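# A structural walkthrough
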Amino acid sequence: MAVIHPFFPAGDAQTPPDREALLEQLTHVRMLLARLDEEEPQDMDSESHAAWGERHEELEDWADEILDMLDDL
């Protein structure tokens, strides 16, 4: 399984990320999703597939949040 490392845009808690930082973060999340897709367990009824699915869903949610932040800019 891929090891997922959090990626945070430049800036601090007081300064919201700019468009470039958000796009960089989105690219990173999409790369993690692609890597995870390559490692999908074959047995859809296995615990490893369930764990894989949870990680995949978390990354998709993260990508959606970034897209929402980009829309708000």
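Residues numbered from 1 in each chain as written. Predicted model: local features only at pLDDT ≥ 70, side-chain atom pairs only at ≥ 80, totals over all residues. Heavy atoms only, no water.

### Regarding the overall build of the chain
- On a plain count of helices and strands, the chain comes out with 2 helices and 0 strands.
- Considering only contacts in the chain between residues 6 or more positions apart, those separated by 24 or more positions represent 65%.
- Carbon and sulfur atoms provide 50% of the accessible area of the chain, an area that totals close to 5,300 Å². (Helix = DSSP H or I, 4+ residues; strand = E, 2+ residues; numbered from the N terminus. Contact = heavy atoms within 4.5 Å. Areas by Shrake-Rupley, 256 points an atom, 1.4 Å probe, with all protein chains shown as cover.)

### A few points about helix α1 (residues 19-38)
- In this model α1 runs 29 Å from its N-terminal to its C-terminal C-alpha over 20 residues, within 8% of the 28 Å that 1.5 Å per residue would give.
- Taken together, the buried positions of α1 are A21, L22, Q25, L26, V29, L32, L33 and L36. Seen along its axis, α1 keeps its buried residues to an arc of 135°; they face one direction. Among the exposed residues of α1, those pointing more than 90 degrees away from its buried face are E20, T27 and E38.
- On its buried face, α1 sits against α2 (47-72). (Expected span 1.5 Å × (residues − 1). Buried < 20%, exposed > 50% of the residue type's maximum accessible area, 1.4 Å probe, protein only. Arc of directions from axis to C-beta.)

### Examining the environment of L22
- In this structure, L22 sits in helix α1.
- For L22, a relative accessible area of 1% gives the class buried.
- On a C-alpha basis, the gap between L22 and I66 in space is 6.4 Å, while along the polypeptide they are 44 residues apart.
- Excluding residues within four positions of it along the chain, L22 makes contact with P17, I66, M69, L70 and L73.

Just geometry here; none of it tells us what the structure is for.
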